[in-house]
Amino acid sequence: SVDGTAPWGARAEAYIKALTAAAGAVRDLDVGAELLTSLDAPSDAARAVQARLVERRPAAVDALREALDGDVHAQAREALVASLAASKSPRGTVRRVARWHFERELSGLERALHGDLQRDEGFHEVRKRARRVRDAVDVLGRGLKRSERAWRGRLQTLQSHLGAFNDVSVALRVVTGHDEATKAVRAALERRRVTLLAELATPLALLAGTLDRR
């Protein structure tokens, strides 16, 4: 449409949310297990906790398969397909639509930076919004100015740091228990989390300032 919104956008979002909910548990276990291979924790404790995460994976995969075959996911997929088939061709110039969409994503990143960064969810929102800006450049780059395309490289390092922070948050969520091995692993995860927070403070502040001045 003229303002850059897509009539199938809501259907696409519903489908992606259904897919994310189904796949999230498997991904979280995989992230936690992978992170433990490089964690600064006693090796015996890390291996013991990792083995428990691996043991939980088959059940999570079965739940994912059941969800993908279920009514909720099927209905979301069918609604999206029907909406795409009924959509008319977009109106307006490519450049106009591209720049409108890019500005919308950049504004979303700015809002996330001013959100609640006292909680891990706030950092996760910044990460998602940064990824959306980079995706907008990848998809719409020819319709954007050079200064707008430059945001892709500008966000790359920060997004990697935010990804590492999110992986630690995920691992802390799936590594649960009160035995000594779990306590040792969680202590190591908390140390890494604090280190990553310290590394993120300056680039996040600089990015927020850049967006505030634009």
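Cut-offs and rules
- Residues numbered from 1 in each chain as written.
- Predicted model: local features only at pLDDT ≥ 70, side-chain atom pairs only at ≥ 80, totals over all residues.
- Heavy atoms only, no water.
- Helix = DSSP H or I, 4+ residues; strand = E, 2+ residues; numbered from the N terminus.
- Buried < 20%, exposed > 50% of the residue type's maximum accessible area, 1.4 Å probe, protein only.
- Contact = heavy atoms within 4.5 Å.
- Areas by Shrake-Rupley, 256 points an atom, 1.4 Å probe, with all protein chains shown as cover.
- Lys, Arg positive; Asp, Glu negative; His and termini not counted.
- Charge placed at Lys NZ, Arg CZ, Asp CG, Glu CD.
- Patch = residues over 30% accessible without salt bridge, like charges linked within 9 Å, V, L, I, M, F, W, Y side chains within 5 Å.
- Salt bridge = Lys/Arg side-chain N within 4 Å of Asp/Glu carboxyl O.
- Axes fitted to C-alpha atoms, helices over the stretch in contact; angles between N-to-C directions.
- Parallel < 35°, antiparallel > 145°, perpendicular 65-115°, else oblique.
- Left-handed = near helix turned anticlockwise from the far one by under 90°.
- Nonpolar A, V, L, I, M, F, W, Y, C, P; charged D, E, K, R; others polar.
- Phe/Tyr/Trp six-rings, centres within 6.5 Å; stacked < 30°, edge-to-face > 60°.

A. Structural view of the overall build of the protein. Across its full length, the protein holds eight helices and zero strands. Starting at the N terminus, the α and β elements of the protein follow one another as α-α-α-α-α-α-α-α. In terms of overall dimensions, the protein has C-alpha extents of about 60 × 45 × 25 Å along its principal axes. Looking at the protein as a whole, 36% of its 214 residues are labelled buried. Excluding contacts between residues fewer than 6 apart, the proportion of contacts in the protein whose partners are at least 24 apart in sequence is 79%. Accessible surface for the protein amounts to roughly 12800 Å². Of this, 54% is attributable to carbon and sulfur atoms. Taking the 37 positively charged and 29 negatively charged side chains of the protein as two groups, their mean positions are separated by 8 Å.

B. How the structure looks around a positive patch on the surface. Where like charges cluster on the molecular surface, the positive patch consists of Arg-95, Lys-145, Arg-146 and Arg-149. Examined against the element boundaries, Arg-95 turns out to sit in helix H4 (residues 94-113). Taking relative accessible area as the criterion, Arg-95 reaches 47% and is therefore assigned partly exposed.

C. Geometry of the packing of H4 against helix H8 (residues 180-213). Remark: H4 packs on H8, axes separated minimally by 10 Å, with the N-to-C direction vectors making an angle of 130 degrees. Judged on the interaxial angle alone, H8 and H4 are oblique. As H4 packs across H8, the resulting crossing turns out to be left-handed. In this structure, H4 contributes Leu-106, Leu-109, Glu-110 and Leu-113 to the contact, and H8 contributes Leu-204, Leu-207, Ala-208, Leu-211 and Asp-212. Its residues assigned to classes, the contact of H4 with H8 comprises seven nonpolar, no polar and two charged.

D. Expanded view of the pattern of salt bridges. For the structure shown, the criterion picks out 18 salt bridges. When the shortest N-O distance is used, the salt bridge between Asp-44 and Arg-47 registers 2.5 Å. One end of the pair, Asp-44, and the other, Arg-47, are both in helix H2 (residues 43-68), three residues apart, so they sit about a helical turn from each other. Neither residue differs from the other here; Asp-44 and Arg-47 are each classed as exposed. Salt-bridge contacts for Glu-105 lead to Arg-132; the nearest nitrogen and oxygen are separated by 2.9 Å. Residue Glu-105 is found in helix H4, and its partner Arg-132 is found in helix H5 (residues 120-140); the two are separated by 27 residues along the sequence.

E. Examining the packing of H5 against helix H7 (residues 151-174) more closely. Interaxial distance between H5 and H7 falls to 9 Å at its minimum, and their mutual angle equals 145 degrees. Handedness of the H5/H7 crossing: left-handed. Here Asp-120, Phe-123, His-124, Val-126, Arg-127, Ala-130, Arg-131, Val-133, Arg-134, Val-137 and Asp-138 of H5 come into contact with H7, specifically with Trp-151, Arg-152, Leu-155, Gln-156, Gln-159, Leu-162, Gly-163, Phe-165, Asn-166 and Ser-169.

F. The arrangement of the environment of Arg-77 in detail. Tracing the chain through its elements places Arg-77 in helix H3 (residues 71-86). Judged by relative accessible area, which is 34%, Arg-77 ranks as partly exposed. Separated by 46 residues in the primary sequence, Arg-77 and Val-31 place their C-alpha atoms 27 Å from one another. Among residues more than four places away in sequence, those in contact with Arg-77 are Tyr-15 and Leu-68.

G. Here's a closer look at the packing of aromatic side chains. Scanning all chains against the criterion turns up one aromatic pair. Taking the centre distance of 4.9 Å and the plane angle of 50 degrees together, the rings of Phe-123 and Phe-165 count as tilted. Linking Phe-123 in helix H5 with Phe-165 in helix H7, this pair joins segments that are 42 residues apart in sequence. One exposure class covers both Phe-123 and Phe-165, and it is buried.

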